[in-house]
Structures are given as structure tokens and as C-alpha cells.
Amino acid sequence: MARLQDAAEGEHFVEAAFHIIMKEAVRRGTDVNEKVCQWVAPEELESLLELELPDTGESEVRLLQHCRQVIRYSVNTAHPRFFNQLFAGLDYHALVGRFITETLNTSQYTYEISPVFVLMEDVVLKKLRELIGWMTGDGIFCPGKSCPWMISWGGGAWSWAAPRHKPTSCCYLSHFTGGSMSNMFAINLARHRLYPHVKQRGLWVVPRLVIFTSEEGHYSLTKGAAFLGLGTDNVWTVKTDGRGRMLAAELDEQIQAAKSEGAVPLMVSATAGTTILGAFDPLAEIADVCQQHGVWLHVDAAWGGGALLSKRHRHLLAGIERADSVTWNPHKMLMAGLQCSAFLLKDQTDLLGSAHAAGARYLFQTDRCYQPRYDTGDRSVQCGRRVDCLKLWLMWKAIGTRGLRDRVNRAFACTRYLVAEMHKRDGFRLLMEPQFVNVCFWYIPPCLRGGEETPDFWQQLGRVAPLVKQRMVVKGSMMVGYQPHGKHVNFFRQILISPQVTREDLDFFLDEIERLGSDFQPM
């Protein structure tokens, strides 16, 4: 029987495609003189890409042209002037790790099929736990969706109507990462520890369970409560202070209120680095409350976990070692590349296996020539699982812990520089001094300055950020996010983590905001 694919032709295509990737995505994608994005309206782009699938295969020439177009019309998230998300920039070693895992095309569920990566994941998770302060424990890398090259921009913004029991801080990023799944793991394990029989007998064997998070907590807690049958009404939000940090005294009152209603306080999810404001909850105070009430403490450090590598800034997470579980996304501040999300546990009694294992005998045999503990796949909620440890491991090998620390410290230094420059210029107004690397600010165009007391000032100011964002995207000069938040009208949220960013880029950023917004006129 003849082969369906010709190896020589296939290898030639791979080599040609890699040449395009290096030239168009890596070199041009990180070149400050190139555009951040080549904006095209959706209807026009659909026709340009020739997305319809054919009955017969196309030539290599056409396929390579498709590759060029995919890269050309995608957003260059590695560009030094891409500030739009909680991920940015390019780590070359992590990228090679991603290439290798995609090429090997294996699944990290058994030692038999993934021997190197089963051992590697264990080492990487152990190192992350040590940075938290745990010498023992458990963990796993969590699933998500990603595509390294096709990252598109949408002009809308996710938001909640924000009734009493729903977190208000949201970001569409976690639709493509594993942080949301990590938070759901925490809910499930907290429930399993209290009520292990729910796995077999279902929800009717447990009382009403309540989860607590701050007003700035991530919306994935609400989604997790829905998926696990707890109900979104049982995610209670706790008031925050003026900087977006959970108030421990309010948490204590909420827990007591839940008990008075006959509910069982299941879990508190504190946040280390909120999505919008970059706020860090007072973990030590929250841990005291959780200890007093016997409640599982989870810390969502998906965004802020990177600060643990910095001696200068790890105080932001003081008390994290007292948590029962932690979410940490190294694809964000550490730049391991999408996706890389770790769920970390202080417990070492195999709660993951107890809560999730189904014991599929065709896959997880116990009579193999190695110990069953090396088959880790049954401890997750899915069967096939991507290899997410290699890119982080290879990057860590390349630059070391010191290099990662320097990367974190540099992001904070860039933030301080940008804020200092904003204070020197008319028209830039901070929402608050940043606690992390989220710089939230308004640009007030000349026509609105001095009019803060007029009735429609804030309504008009809320129109500035969308206009400036539209202009910068169409121009392709840079990308930065904006959103309304609570009582505040639209403001910019500048994220500074990319090691490609220079002071010149930050100066350009401020200049470009002024260029694009100075001619704004009220309606």
C-alpha cells in the first residue's frame, strides 16, 4: 500500500514554513519599526484569507502563502509596543520548547508515552512550590486553549452586571489559558476534602456551599461554581479597599453571615494581582480568617505569582505559604508562552487523584514495568493533556532563576519610569498609583482639561479611550487595553512585562496617546 504522504515533500514544506516563521513572525514580529497589527475589517479579512476548505489539496506555494497571510494579519504580541494583555513579548528559548512539544505531539498522561515530560513536570512544579514556601506538596499543569501565532483582537470588552454575589473584574484572556481551570480545580478539591462521597453520590449528599472572593476577583470563580453545580449565587463577593484589596474584616463578616444562613463556607479565593488594578489581597490577614473558620484558602496568583521571584517585590504575596492551593500562570509575567498554568497544592495526600481519577484500565494499568505513580494523567479532569512544562523548563535552564528575577524587577522598573513620566505631562491622570505593573490612567485631551466640575466631563472622558484605541489599532502603532470599572468611565490599562520594551518605547507610548487623542472634541 502506497504512503498517503511523501516524506521528502513534507520535510521541504516544514523547512520552508520555518523560514517564513523566523522571518515574518519572529524577526518582523519583534521589530519596533513594524506594525503591531495590520488592521483589516472582519468582512474584508474573511475574503483575503480564503478560509473555505477545499475538496482537493492545494500546492505548497499556496500553502506557504496562507502561512504568510496568517502571520501578516495576526497581532504581533511579541512587538515591543503591544501592551494589551497580561502576556506580551517573546522568550526565544520558551518558543523552541513549544516547537519541540508540538513536533513530538505527545500527551502527558502516562510515563509510557511521555517519559521525559512526566519527570520534567514534577521537577518544575516542585520548584514553583519552593518559591511559594512549600517544601512538600503536589500539583499539575492545567489545560486551556492556545494558538501561538493566530491571536486576534476584538473591540468589545467582557463585563458583568455585578449583582451582589458576582465578581466584577474580568478579562477575556482566561478563555485561552489554564488559570480558570486551575481555580476550578481548587473548588473541586476543597469540596472533595470536606465531602469525598460527592464524587460517587452526587450533589444531594452535600449542603449548600459558599465560595468567597473579592469584588476584584476573577470571573472564573463564578464559572467554576456553575460547572461544579454549586450555583453562581453561592459565589459571594467581599468588599475591597480603595486600591482593590480584599478587606479581611468584611470577609469574616461574610463567612459568619453564610453560616447564619445554614450554608457551609467552602473556600476563600484571594487574589495576588487582580486583572485590572493589579491589586494584591492581604494574604496573611485572610489566612487568619480562614484558619479561624476552618476554610480552604486558595490564592489566585495567575497574574502576580511572578513577583515571588523578586526579593524586592515578593512581600506583595506575604502569607501565600499559608494557602492550601495556588494558581500561577508562568506564561504571563515569566513569559513562558501560552499556555503554561500551574495548579499547586500544599497537601501531599494525592487529593488530585482521589478527586479526579476514573481508573481507565486501557490507559492506566498497574502491572507495567514501572511504578503507577508516574502515570499522572488520571489526576487531571481531561484525558489528553498538552506538554506545558518544557517551554518553562528550557527557558529556566537558559536564563536561570536570576534571569527570571531580573525580568520581574525590570518590569517594575519600567512601570516606575512610565508613571514618573506621566506625572511630568499634562493630560495624564492615574486612577491610582500602581501596586503592580498595571498602570491604569486616563488621557484628558486639551478640550476637557480644567472642566472636571462640568456635568458631562466624565461622560465625555469615557469616549476618549475607545477613540484613541481605534486609531492606534487602525494605524498599527501599538495596542493597549481599556475598560470601564465600577464607577469609573473608560480608562487605559497599560501592562508592562515584555523584556523587549525600552524607555524609548514608553516615551513613544505617551507621545502616541497625545498624538492620537489631542484633537478629541466633545459631542
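For this particular structure, what's the right way to read the nonpolar core?
Within soluble globular proteins, side chains that are nonpolar tend to cluster in buried spots. Counting residues in each nonpolar core, the largest one holds 109 residues, and the members touching the most others are Val 268, Leu 317 and Phe 509. A total of 14 residues in this core trace back to one element, the largest contributor, which is helix H12 (residues 389-424). When near neighbours in sequence (up to four residues on either side) are disregarded, Leu 317 contacts Ala 272, Phe 280, Leu 283, Ala 301, Gly 304, Gly 305, Ala 307 and Leu 308. Judged by nonpolar contacts, the second largest core, of 25 residues, contains Cys 142, Ala 186, Ile 187 and Leu 189.

What is the right way to read the pattern of salt bridges from this model?
Here the idea is simple: oppositely charged side chains can pair when their charged atoms come close. Under the definition given, this model contains 24 salt bridges. The partner of Glu 50 in a salt bridge is Arg 62, with the nearest N and O atoms 2.6 Å apart. Note that Glu 50 is positioned in the loop between helix H2 (42-49) and helix H3 (60-72) and Arg 62 in helix H3, a separation of 12 residues in sequence. Owing to a relative accessible area of 44%, Glu 50 belongs among the partly exposed residues under this scheme. Its relative accessible area of 30% is what places Arg 62 among the partly exposed residues. Its salt-bridge partner being Lys 391, residue Asp 388 comes within 3.3 Å of it at the nearest N-O pair. There is no split in this pair, since Asp 388 and Lys 391 are both buried. Here the residues in one salt-bridge network are Glu 102, Arg 386, Asp 388 and Lys 391, joined through shared partners.

Sorry if this is basic, but what is going on with the sheet that holds strand S7 (residues 325-328) here?
Note: strands within a sheet are paired through backbone hydrogen bonds, in either parallel or antiparallel orientation. A sheet is described by the order of its strands in space; here 7 strands give the open sequence S2-S8-S7-S6-S5-S3-S4, paired in mixed fashion. If you trace the sheet from one side to the other, it starts and ends with strand S2 (138-141) and strand S4 (235-238), each paired once. Sheet twist, expressed as the average angle between the axes of neighbouring strands with direction ignored, equals 20 degrees.

What is the right way to look at the packing of aromatic side chains in this model?
Aromatic ring pairs are described here by two measures, namely the spacing of the ring centres and the angle between the planes. Enumeration over the complete set of coordinates arrives at 17 aromatic pairs. Site record: aromatic cluster; members linked through ring pairs are Phe 83, Phe 428, Phe 441, Tyr 443, Phe 492 and Phe 509.

Would you mind going over the pairing of strand S6 (residues 296-300) with me for this structure?
Remark: a regular strand shows side chains that alternate across the two faces of the sheet. Burial analysis of S6 places 5 of its 5 residues in the buried class, which makes it a mostly covered element. Of the two faces of S6, the one carrying Trp 296, His 298 and Asp 300 and the one carrying Leu 297 and Val 299 are both buried. Sheet topology places strand S5 (residues 264-271) next to S6; 5 bridges connect them, and they run parallel. The residue of S6 that forms the bridge with Val 268 is Leu 297.

What's the story with the pairing of strand S12 (residues 488-495) in this structure? I'm lost.
Burial within S12 is extensive, with 6 of its 8 residues counted as buried. Across 4 bridges, strand S10 (residues 438-443) lies against S12 in antiparallel orientation. Bridging from a neighbouring strand, Cys 440 pairs with Arg 493 of S12. Relative to S12, strand S11 (residues 479-485) is paired through 4 bridges, and the arrangement is antiparallel. Residue Gly 481 lies in a different strand from S12, and its bridge partner there is Arg 493. In this structure, the hairpin formed by S11 and S12 is closed by a connection of 2 residues, where Gly 486 is found at a positive phi of approximately 60 degrees.

Can you help me understand the sheet that holds strand S9 (residues 428-430) in this one?
Sheet architecture is open: 5 strands sit in the order S1-S11-S12-S10-S9, paired in mixed fashion. In the strand order of this sheet, the two ends are held by strand S1 (82-83) and S9, each with one partner. Here 3 bridges tie S9 to S10, and the two strands are oriented antiparallel to one another. Bridging across to S10, Phe 428 finds its partner in Tyr 443. Relative to the sheet, H12 contacts S9, S10 and S12, its axis offset from that of S10 by approximately 20 degrees. The strands that helix H15 (residues 503-517) touches are S1, S9, S10, S11 and S12; relative to S10, the one it contacts most, it runs at about 30 degrees.

I would appreciate a short explanation of the confidence of the model for the protein chain in the present structure.
Close inspection of predicted coordinates is inappropriate for parts of the model with low pLDDT. Across the protein chain, the average pLDDT comes to 91, with 93% of residues at 70 or higher. Between residues 145-176, whose pLDDT stays under 50, and residues either more than four places distant or in other chains, the model counts 91 contacts.

Looking at this structure, how should I read the environment of Cys 67?
Its location among the elements puts Cys 67 in helix H3. Of the residues examined, Cys 67 reaches a relative accessible area of 24% and is grouped as partly exposed.

Which parts of the structure should I look at to understand the environment of Ser 214?
Within the secondary structure, Ser 214 sits in strand S3 (residues 209-214). Judged by its relative accessible area of 0%, Ser 214 is buried. Separated by 106 residues in the primary sequence, Ser 214 and Ile 320 place their C-alpha atoms 16 Å from one another.

How do you make sense of the state of the cysteines when you look at a structure like this?
Disulfides are covalent bonds that link the sulfur atoms of two cysteine residues. As enumerated under the stated definition, the model contains 0 disulfides in all. With no disulfide of its own, Cys 142 has Cys 340 as its nearest cysteine by sulfur position, at a separation of 11 Å. With relative accessibility at 1%, the residue Cys 142 sits in the buried group. Among the cysteines around Cys 369, which has no disulfide bond, Cys 383 carries the closest sulfur, lying 20 Å off. On the basis of relative accessible area, Cys 369 is assigned to the exposed category, the value being 81%.

Could you clarify how one ought to interpret helix H9 (residues 248-260) in this entry?
In an α-helix, one full turn covers 3.6 residues, which means residues spaced three or four apart are oriented alike. With 13 residues, H9 extends 19 Å between its outermost C-alpha atoms, agreeing within 8% with the 18 Å of an ideal straight helix rising 1.5 Å per residue. Buried residues of H9: Ala 248, Leu 251, Asp 252, Gln 254, Ile 255 and Ala 258, and no others. Buried residues of H9, viewed axially, fall in a sector of 165 degrees; they line one side. Facing away from the buried side of H9 by more than 90 degrees, the exposed set consists of Ala 249, Glu 253 and Ser 260. Where the residues of H9 are buried, they touch S3, S4, S5 and helix H10 (283-293). Gly 262, located one to two residues past H9, shows a positive phi value of around 85 degrees.

Cut-off values and rules
- Residues numbered from 1 in each chain as written.
- Predicted model: local features only at pLDDT ≥ 70, side-chain atom pairs only at ≥ 80, totals over all residues.
- Heavy atoms only, no water.
- Core = buried A, V, L, I, M, F, W, Y, C linked by side-chain atoms within 4.5 Å.
- Buried < 20%, exposed > 50% of the residue type's maximum accessible area, 1.4 Å probe, protein only.
- Helix = DSSP H or I, 4+ residues; strand = E, 2+ residues; numbered from the N terminus.
- Contact = heavy atoms within 4.5 Å.
- Salt bridge = Lys/Arg side-chain N within 4 Å of Asp/Glu carboxyl O.
- Pairing = 2+ DSSP bridges.
- Axes fitted to C-alpha atoms, helices over the stretch in contact; angles between N-to-C directions.
- Phe/Tyr/Trp six-rings, centres within 6.5 Å; stacked < 30°, edge-to-face > 60°.
- pLDDT = per-residue confidence, 0-100.
- Disulfide = S-S within 2.5 Å.
- Expected span 1.5 Å × (residues − 1).
- Arc of directions from axis to C-beta.

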